[in-house]
Amino acid sequence: MGVLQNKTALVTGGTSGIGLAAARRLAEEGAHVFVTGRSQQRLDEAVAQIGLGATGVVSDVSNFADIDVVVEAIEAHGHELDVVFTNAGGGEFALISDVTVEHYLDTFNRNVGGTLFTVQKVLPLLNRGASIVLAGSTAPSKGMPAFGIYAASKAAVRSLGRTMAAELVDRGIRVNVLVPGPVETPGLTGLAPAGGESELLAEMAASVPMKRVGHVDEIASAVAFLASDASSFMTGSELFVDGGEVQV
Ligand SMILES: NC(=O)c1ccc[n+]([C@@H]2O[C@H](COP(=O)([O-])OP(=O)(O)OC[C@H]3O[C@@H](n4cnc5c(N)ncnc54)[C@H](OP(=O)(O)O)[C@@H]3O)[C@@H](O)[C@H]2O)c1
């Protein structure tokens, strides 16, 4: 028996990388999983991989009105929510000297607005005892050239996690921020110039005391931990799964 039997979970950005691995793991633990993404075709492929009755919903987190579609789909299936993983997000490299208004707005809309309005809109669906997991980053703990706007957006996510935890504690809802170190995903390797993926991964691995990048299943395990009662005395917290990147 999995630890999430009879529970319902929402994973935003569940078609690839960390979100897909987390959705798979939550489903294996017994949850009915709703996943979102921007393309029906990628969602169909993800749902086929997750199996176990997962449901895909096309929704772009940076288009805040689109998040209503997710809420309607969950309600239409007769579900309430026990687990929410606001994973959809990411960023691109830009030195402060090169940041454009478009880069700034795209990064903040995806990571901050997407997180904020997903949580806000699912509030009426959340059961007592629900767990919300926000996707953070090690970037705000360092000064990484060209990652300034992404880092600032993830610092905002970390801060929102504290406020959400405080506001939801009386409903018995926990909110924690999961902080992956570098993890091999299409999102991470997509930051490299064509053909430079291995070099980027090697560079990332060198910055980690464990001298490797993480595997998506290592992050999915931590999502399952935060989603379940195994973490019942944690809220407002930040869980680093980073090979020691910003710890050692
Ligand atoms: N990989 C790492 O090293 C790392 C480290 C720290 C934190 N993180 C964080 O972990 C999360 C996942 O990263 P990843 O590396 O797994 O990325 P990924 O492989 O690029 O996957 C991103 C997922 O989010 C979805 N997505 C992107 N923008 C979206 C939007 N506007 N609306 C809805 N869905 C959207 C994508 O789906 P579609 O493209 O199909 O829409 C995809 O399913 C992000 O928040 C990232 O910042 C990653």
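Residues numbered from 1 in each chain as written. Predicted model: local features only at pLDDT ≥ 70, side-chain atom pairs only at ≥ 80, totals over all residues. Heavy atoms only, no water.

1. Looking at the site of the ligand
Among the 30 residues in the neighbourhood of the ligand, the closest are listed as T15, S16, R38, Y150 and T185. In the complex, the protein chains occlude 91% of the 890 Å² of accessible area that the ligand would expose alone. Of all the cavities here, the one that holds the ligand is the largest pocket. When residues of the shell around the ligand are traced back to their parent elements, those giving at least two are α1 (17–28), α5 (148–168) and α6 (186–189). At three residues, α6 tops the list of elements feeding residues into the shell around the ligand. (Near = heavy atom within 4 Å. Areas by Shrake-Rupley, 256 points an atom, 1.4 Å probe, with all protein chains shown as cover. 1 Å grid on protein atoms, 1.4 Å probe; cavity = no way out; pocket = protein on both sides within 12 Å on 5 of 7 lines; lining within 4 Å. Sits in = over half its atoms within 2 Å of the grid points. Helix = DSSP H or I, 4+ residues; strand = E, 2+ residues; numbered from the N terminus.)

2. Quick notes on the packing of α1 against helix α2 (residues 40–50)
Remark: α1 packs on α2, axes separated minimally by 9 Å, with the N-to-C direction vectors making an angle of 35°. The crossing of α1 and α2 is right-handed. For the pair α1 and α2, contact is made by L20, A23, R24 and A27 and by A46, Q49 and I50, respectively. Here the residues of the contact of α1 with α2 are counted per class, giving five nonpolar, one polar and one charged. (Axes fitted to C-alpha atoms, helices over the stretch in contact; angles between N-to-C directions. Left-handed = near helix turned anticlockwise from the far one by under 90°. Contact = heavy atoms within 4.5 Å. Nonpolar A, V, L, I, M, F, W, Y, C, P; charged D, E, K, R; others polar.)

3. A word on the pairing of strand β3 (residues 55–58)
Here β3 shows a buried face lined by T55 and V57 and an unburied face lined by G56 and V58. Of the pairings in the sheet, the one linking strand β2 (residues 32–37) to β3 comprises four bridges and is parallel in character. For V35, the partnering residue across the bridge sits in β3 and is G56. The parallel pair β2 and β3 is bridged by α2, and the resulting crossover is right-handed. (Buried < 20%, exposed > 50% of the residue type's maximum accessible area, 1.4 Å probe, protein only. Pairing = 2+ DSSP bridges. Right-handed = clockwise from strand over helix to strand, strands pointing away.)

4. What about the pattern of salt bridges?
Where charged atoms from two side chains of opposite charge come close, those side chains can pair. Evaluated as defined, the whole model comprises eight salt bridges. One salt bridge connects D106 with R110, and the closest N-O pair in it is separated by 3.0 Å. One end of the pair is D106 and the other is R110, both in helix α4 (residues 101–122) and four residues apart, which spans about a single turn. Residue classification places D106 among the partly exposed residues on the basis of a relative accessible area of 32%. The exposure class assigned to R110 is buried, which follows from its relative accessible area of 15%. The network of salt bridges with shared partners includes E92, D106 and R110. (Salt bridge = Lys/Arg side-chain N within 4 Å of Asp/Glu carboxyl O.)

5. As for the nonpolar core
Core analysis: the largest hydrophobic core is formed by 31 residues, its most contacted members being V11, L26, V33, V35, I50, F85 and L178. Only β1 (8–12), α1, β2, α2, β4 (81–86), β5 (126–135) and α8 (216–227) provide two or more residues apiece to this core. (Core = buried A, V, L, I, M, F, W, Y, C linked by side-chain atoms within 4.5 Å.)

6. Some thoughts on helix α7 (residues 197–206)
All buried positions along α7 are accounted for by L200, L201, M204 and A205. The buried residues of α7 occupy an angular sector of 135° when projected down its axis, which confines them to one face. Counted as exposed and oriented over 90 degrees from the buried face of α7: S198, E199 and E203. Contacts made by the buried residues of α7 are with α6. (Arc of directions from axis to C-beta.)

7. Notes on the confidence of the model for the protein
Averaged over the protein, the pLDDT score is 97; the fraction of residues at 70 or greater is 100%. Taken element by element, the predicted model of the protein shows its lowest mean pLDDT in α6 (94) and its highest in strand β6 (residues 174–180) (99). (pLDDT = per-residue confidence, 0-100.)

8. So, the layout of surface pockets
Volume-wise, the largest pocket comes out at about 1,200 Å³. Looking at the largest pocket, it is lined by 46 residues, and the ones nearest its centre are G89, G90, T185, G187 and L188. Elements with a contribution of two residues or more to the lining of the largest pocket: α1, β2, α4, α5, β6 and α6. Within the lining of the largest pocket, the residues separate by chemical class into 17 nonpolar, 21 polar and eight charged. Its volume calculated, the second largest pocket comes out at about 230 Å³. Along its surface, the second largest pocket is lined by F93, M144, P145, L191, A192, P193, G196, E199, L200, E203, M204 and S207. When grouped by side-chain class, the residues that make up the lining of the second largest pocket number eight nonpolar, two polar and two charged. (Points joined across faces, edges and corners; volume = space filled by probe spheres on them.)

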